[in-house]
Structures are given as C-alpha cells and as structure tokens.
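# Chains, contacts and geometry: an overview
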Amino acid sequence: MKQLAASLCALLGALLASPGLAAAASTSEAPSPPAQDASDENRHRMITSSETYMPLPPMTATVQANHRAQGLLQIEAGLEISDNRLRRRVEMYMPRLRNAYLSALTIYTGMHYRYGEVPDADRIAQILQEATDITLGQEGAELLIGMIIIHGD
C-alpha cells in the first residue's frame, strides 16, 4: 500500500512539473478546450459584408441521360432579406425551403436540362425564386445565385 501511495505521489509530482499543467493547476482552472474554427456560422464563406444576406447550404441534383446518372448539378446561392421578421421566418422554414429547392432542381434537371449543355442560370434562378415565394407564402426574400457547376462523369 505504501508503494502505491509513493507511486501516485511521484506521478502527481511529474504531472505538476510539466509547464502547461503547472500553470493550469496554479490558477485552479481546467485547461480550456481548443477553439473550434469550423462552427456553423463560419462554415459558409462570406461573399458579401451585407447584413441582409443569408447564405444557403449548397444545393445539388442528379443529372441524367440515357436513363442513368451522368453527373451532378451543384448550386451555391443565398437570400437577400431586408425584413428581420421575414429573416426569422426563413430560418424556421429552412427545412421546407431545402425540400422545395431540391424538388425544383430535380424537375429542372429532369425536364429542362440536357446533359452536355450549359445550364440556364436565368431559368434556375426563376424556379428557385418561385419555390422560395411559394414556400414562405410571401415575397421579400430575393434569391441570389453565386455559382452553378455541372460535375460530369
């Protein structure tokens, strides 16, 4: 038993002798966890300093040709919302908006887009804006497209 107590005292002394732990022990505070740089707010790259701009998560839809998947349509966009009340509504309706956007893009890639052509940015913006207005039940959130990419096989 005396040997175990002596081993524990030696171990505790060695731990307190290390510079990082000695400083934490002297201030009687636990060491702080490392800062997380990839929080939800920092995950989106800011393309504007506007306080009224709300970035959306990337949207994707499968591009098909000859009855099989040929690629992926990827869109980065955001909403310009000047009304704070509407902004809160958009935050609450985000799962419904993502569903409406996915449905609209799937219809676009299935009916209006032919594999190998350049995507029609105006048409995509129009159908996503309609999906926004219908889902929210009002106008006021303007959809802005930042990027459209087709990833092919």
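Residues numbered from 1 in each chain as written. Predicted model: local features only at pLDDT ≥ 70, side-chain atom pairs only at ≥ 80, totals over all residues. Heavy atoms only, no water.

### Structural notes on the side chain of Gln129
By secondary structure assignment, the location of Gln129 is in helix 5 (residues 121–136). Overall, the relative accessible area of 19% leaves Gln129 in the buried class. Each residue touching Gln129, except ones within four places of it in the same chain, is listed here: Ala141, Glu142 and Leu143. (Helix = DSSP H or I, 4+ residues; strand = E, 2+ residues; numbered from the N terminus. Buried < 20%, exposed > 50% of the residue type's maximum accessible area, 1.4 Å probe, protein only. Contact = heavy atoms within 4.5 Å.)

### Description of helix 4 (residues 94–112)
Counted at 1.5 Å a residue, the expected span for helix 4 with its 19 residues is 27 Å, and the 26 Å between its end C-alpha atoms agrees. Along helix 4, the residues classified as buried are Met94, Leu97, Ala100, Tyr101, Ala104, Leu105, Tyr108 and Thr109. Angular distribution of buried residues about the axis of helix 4 spans 160°; they occupy a single face of the element. For helix 4, exposure combined with an orientation more than 90 degrees from the buried face picks out Pro95, Arg96, Gly110 and Met111. On its buried face, helix 4 sits against strand 1 (53–55), strand 2 (59–65), strand 3 (68–81), helix 3 (84–92), helix 5 and strand 4 (141–152). (Expected span 1.5 Å × (residues − 1). Arc of directions from axis to C-beta.)

### What to know about the environment of Leu97
As for its placement among the helices and strands, Leu97 is situated in helix 4. Residue classification places Leu97 among the buried positions, given a relative accessible area of 0%. Apart from the residues within four sequence positions on either side, Leu97 is in contact with Val90, Thr132, Thr135 and Leu136.

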